[in-house]
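Chains, contacts and geometry: an overview
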Amino acid sequence: MEKRVTFGRWTIGILFAVPQLILIFTFFYWPAGQAVYWSLTLQQPWGGGNIWVGLDNFRSILANADYWNSITASMIFAGISTGLAMVIALVLAALTDRQLAGSWLYRVVLIWPYGIAAPALALAFRFILAPEAGFMAVVNKVWPGFWDPGLDGADAMASIIIAFSWKYVGYNFIFFLAAFQAIPRSLIEAAAMDGSGVIRRFWDIQFPLITPTIFFLLVINITESFQDSFGIVDIMTAGGPANATNLMVYKIYSDGFKGLDYSGAAAQSIILMLLIIALTIVQFRFIERRVHYR
Amino acid sequence: MTIIKRGFAALAAGALSTALAVPAFAEPVKFDFWFGLSGDLARVVDTLCKNFNDSQKDYEVVCTSQGNYDATLQNTIAAFRAGKQPTVVQVYDVGTATMMLSGAYKPADKLMEENGYKIDYSDYFPGIARYYATSKGEMLSFPFNSSTALMYWNKDAFAKIGKSEAPKTWEDVGADLKALKDAGYDCPMAINISANESWQLMEQFSALHNQPIATKNNGYDGLDARLEVNKTKFVQYVTDLKKWYDAGLIKIKSKDLGQDMVQAFATGTCQVILTSVGDHGTVGRTQKEGMNWDVAELPVYAGTERKNSLVGGASLWVLSGKSDAEYKGAAAFLNFIHDPKTALFWSTNTGYIPVTKSGFDFMKSNGFYDKAPYKGREVAIESLTASEPTEITRGVRLGNFTQIRAEFGTQMQAIFANKVSVQEGLDTLVKNGDAILERFQQTYPGKTLP
């Protein structure tokens, strides 16, 4: 039996779809198309003359060592910050789910970080991690020269990873907690009565049941680490020292907006877009197979 | 359907009647001025605009801060492409080459002439005027907020090592920093090595020593100019800075690390800094109680014939595509800013220097420079007018210079972190900078700088 709403004439269907199509076209395809066009030309910033250069922009970007360095930095950043944010959130959510005394308090406190805008939290972490003023100043007193994000690229990378993970721990926590709480209590209680400990129950019952959530968060975290890191990098390190934290999204901003190289930035955006699409496909093809949907 | 139609008709009638009702008396012509200063400085600009509006009845300038210089240029470009550009816009020094090739401006000198204002262009300090003029000397934009780099030094600390004067040569600086260190000062001198410090470290140093930054007279003679800072005296300078840094005589201070160099100087943590005269007011307001300090011209290497330093800051551009009435207003506004009395108001409330000789003389005759907190700022004028500008000390006219400055910061950081040698770092700066210049040249095929 046909359950869908059907229309007598296809034109009515089209008519209903038009507003939606216009919106999608205006806000997605038109800008994307514009970016593709720009990436194939040399744009004069003030307009008034564009030269068709074909794939030259892509060629010069891919021949640039700084660009490859920025891809590497983005990968390192995405991998470590996603890992940190997810593991910490998972542990915290598992603990909160156990109904310890005062767990309602953790729930409230842990959700807050996600509500803080990236630039504000970056400003806060800039103070916290400043080698001469903040918390790390104490460490530096004990062990001089231990922490120097101003000149040490690894320290600078660590500081933006910490700031980004801190924000996404809050986000991931909400989802993990919801997933844990959706697991029927009776399952856990039955396992407990059979004599299995906390760790065993976690690995054998809870973990498999929340894999859909883990997978969802993995995709979101990796995508966001490529795109949402901009505000943090801009305020904490501005891509330095010596390009160590010049992530792809930040390089697009500084080349395009500060450097007024619209074509180069457009070409980089396209590469970034393709990269995110590819990563997402890989995740769905290979990781989703291990996910148990109920 | 009919209800909607009637609604529209009513709306249209209403709009029509208000439109007809308004011009009963002559409204002042409004025009937009976008600028890039924020905070304290933005409030001074707002007062300046108010003063202009109060001074006459024909025009009304609407002044809007865009936050910073980068954003001002970006927003103006976006507005221009959409046909909604302001009449007057403040563009920073390094945007000059981009503006000149944009074809989006009305030359300032032509605007003034068309509207009957006689401006004596020789009244501008030559070092300031030539930065914004064509190679033939036509003023395309008017200097607005101008500054130059100075050396700030702590008199109390220098007294401890038996010095009552600021070091004049880099050789002396090296010896004094060593003496300060030996006298127990942990941070004899502070520098920062981000993109911004390209201005005082690379550009000012090169001008004072009459050393080119790029071929073709720093780009004035063509878009095919290429960098050459890897084979000038600048190499020696970076080598010395690095040597002093390694010896603990120089510390890196920046906001990211907890304290920027102006704060480090004002709190007495560091004894010498190189920064803009624009920070003179900030140091005075935030300094440690009772600290004695002064400013001096930037040092040069022994045996150097000192040349004029470069102007920093921004100028006012008038954009094309506006009505005659708006241009009349813009001309009146530029004329108002050119007035020596405005210069006094502007320099009193900011750290910026007057841009004309008459403005400077007017301020001197008012006793501006005789007493604290403004005493010392005249050194900036001395530095800017130390010599008649040469082909090289006129300024820097390179495309996408913001990106070249970013590259400067990157390579300096690599050098100071011991990732590369001084020569390797500067070679990479030239190589990557040249790629940026080549790209700019390709974007404007067949075009030449005016």
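Residues numbered from 1 in each chain as written. Chains lettered and ligands numbered in written order. Predicted model: local features only at pLDDT ≥ 70, side-chain atom pairs only at ≥ 80, totals over all residues. Heavy atoms only, no water.

Let us now look at the environment of Asp234(A). Residues and elements named next belong to chain A. Note that Asp-234 resides in helix α11 (residues 230-236). Taking relative accessible area as the criterion, Asp-234 reaches 28% and is therefore assigned partly exposed. The residues touching Asp-234, leaving out its near neighbours within four places in the chain, are Tyr-250 and Tyr-253. Separated by 2.9 Å, the side chains of Asp-234 and Tyr-250 make a polar contact. (Helix = DSSP H or I, 4+ residues; strand = E, 2+ residues; numbered from the N terminus. Buried < 20%, exposed > 50% of the residue type's maximum accessible area, 1.4 Å probe, protein only. Contact = heavy atoms within 4.5 Å. Polar contact = N/O pair within 3.5 Å; in protein donor to acceptor, adjacent residues only side chain to side chain.)

Glancing now at the side chain of Thr72(B). Assignment of secondary structure puts Thr72(B) in helix α3 (residues 69-81). If we skip the residues at most four places from it in the chain, Thr72(B) touches Trp34(B), Phe35(B), Gly36(B), Gln66(B), Val89(B) and Gln90(B).

To continue, consider the interface of chain B and chain A. The partner chain A presents 35 residues to the 38 residues of chain B that form the contact. Interface area for chain B against chain A, summed over the two sides, is near 3,000 Å², with a carbon-plus-sulfur share of 55%. The largest per-residue losses of area from chain B upon contact with chain A belong to Arg81(B), Leu257(B) and Arg439(B), which jointly make up 23% of the total buried on that side. Counting across the interface, chain B meets chain A through 2 salt bridges. With its nearest N and O atoms 2.8 Å apart, the salt bridge here joins Arg439(B) to Asp261(A). Our count for the chain B to chain A interface comes out at 11 residue pairs in polar contact (both at pLDDT 80 or more). If you list the elements that add at least two residues to the side of chain B that touches chain A, you get α3, α4 (96-102), α18 (401-416) and α19 (422-443) of chain B. (Buried area = accessible area lost by both parts, 1.4 Å probe. Salt bridge = Lys/Arg side-chain N within 4 Å of Asp/Glu carboxyl O.)

Attention shifts here to helix α9 (residues 198-209) of chain A. Residue and element names in this part refer to chain A. The terminal C-alpha atoms of α9 lie 15 Å apart, and with 12 residues this matches the ideal 16 Å at 1.5 Å per residue to within 8%. Here α9 has its buried residues at Arg-201, Phe-202, Ile-205 and Gln-206. When α9 is viewed along its axis, its buried side chains cluster within an angular range of 130 degrees and face the same direction. Projecting away from the buried face of α9 at angles above 90 degrees are the exposed residues Ile-199 and Arg-200. At its buried positions, α9 is contacted by α3 (65-97), α7 (153-182) and α8 (185-193). (Expected span 1.5 Å × (residues − 1). Arc of directions from axis to C-beta.)

All names here are of chain A. Where α9 contacts helix α10 (residues 211-227), the two axes come as close as 4 Å, and the packing angle between them is 55 degrees. By the criterion of interaxial angle, the relationship of α9 to α10 is oblique. Note on element contacts: α10 touches α9 through Thr-211, Pro-212 and Ile-214, opposite Phe-207, Pro-208 and Leu-209. Counted by class, the contact of α9 with α10 contains 5 nonpolar, 1 polar and no charged residues. (Axes fitted to C-alpha atoms, helices over the stretch in contact; angles between N-to-C directions. Parallel < 35°, antiparallel > 145°, perpendicular 65-115°, else oblique. Nonpolar A, V, L, I, M, F, W, Y, C, P; charged D, E, K, R; others polar.)

All right, on to helix α16 (residues 357-365) of chain B then. All names here are of chain B. Every buried residue belonging to α16 is among Gly-359, Phe-360 and Met-363, and all of these are buried. An end-on view of α16 places all buried positions within 100 degrees of arc, on one side of the element. In the core, the buried residues of α16 are packed alongside α15 (340-349) and α17 (378-384). Gly-367 lies just past α16 and shows a positive phi near 75 degrees.

So, on to the side chain of Thr356(B). All names here are of chain B. Along the chain, Thr-356 falls in the loop between α15 and α16. Its relative accessible area of 3% is what places Thr-356 among the buried residues. Side-chain polar atoms of Thr-356 contact the backbone nitrogen of Gly-359, separated by 3.0 Å.

What tends to happen in soluble globular proteins is that the nonpolar side chains get buried as a cluster. Phe33(B) and Met189(B) are the most contacted members of the largest nonpolar core, which has 151 residues in total. Element by element, the count of residues in this core is highest for helix α14 (residues 324-338) of chain B, at 8 residues. Other than its neighbours up to four places away in sequence, Phe33(B) contacts Val45(B), Cys49(B), Val61(B), Val62(B), Cys63(B), Thr64(B), Val88(B), Val89(B), Gln90(B), Leu316(B) and Phe333(B). One finds Ala85(A), Leu110(A), Ile161(A) and Ile205(A) within the second-largest nonpolar core, a separate group that totals 43 residues. (Core = buried A, V, L, I, M, F, W, Y, C linked by side-chain atoms within 4.5 Å.)

Attention now moves to the state of the cysteines. Here is the idea: a disulfide is a covalent bond, and it sits between the sulfur atoms of two cysteines. All names here are of chain B. Under the definition given, this model contains 2 disulfides over all chains. Note that Cys-49 is cross-linked by a disulfide to Cys-63, the S-S spacing being 1.9 Å. Because the sign of the S-S torsion sets the handedness, a value of about -100 degrees for the bond joining Cys-49 and Cys-63 places this disulfide among the left-handed ones. With Cys-49 in helix α2 (residues 40-55) and Cys-63 in strand β2 (residues 59-65), this pair connects stretches of sequence that are 14 residues apart. With a sulfur-sulfur separation of 2.0 Å, Cys-187 is cross-linked through a disulfide to Cys-270. Classification of the bridge connecting Cys-187 and Cys-270 rests on its S-S torsion, roughly 100 degrees, and on that basis the disulfide is right-handed. Residue Cys-187 is located in strand β7 (residues 187-191), and its partner Cys-270 is located in strand β9 (residues 270-276); the two are separated by 83 residues in the primary sequence. (Disulfide = S-S within 2.5 Å.)

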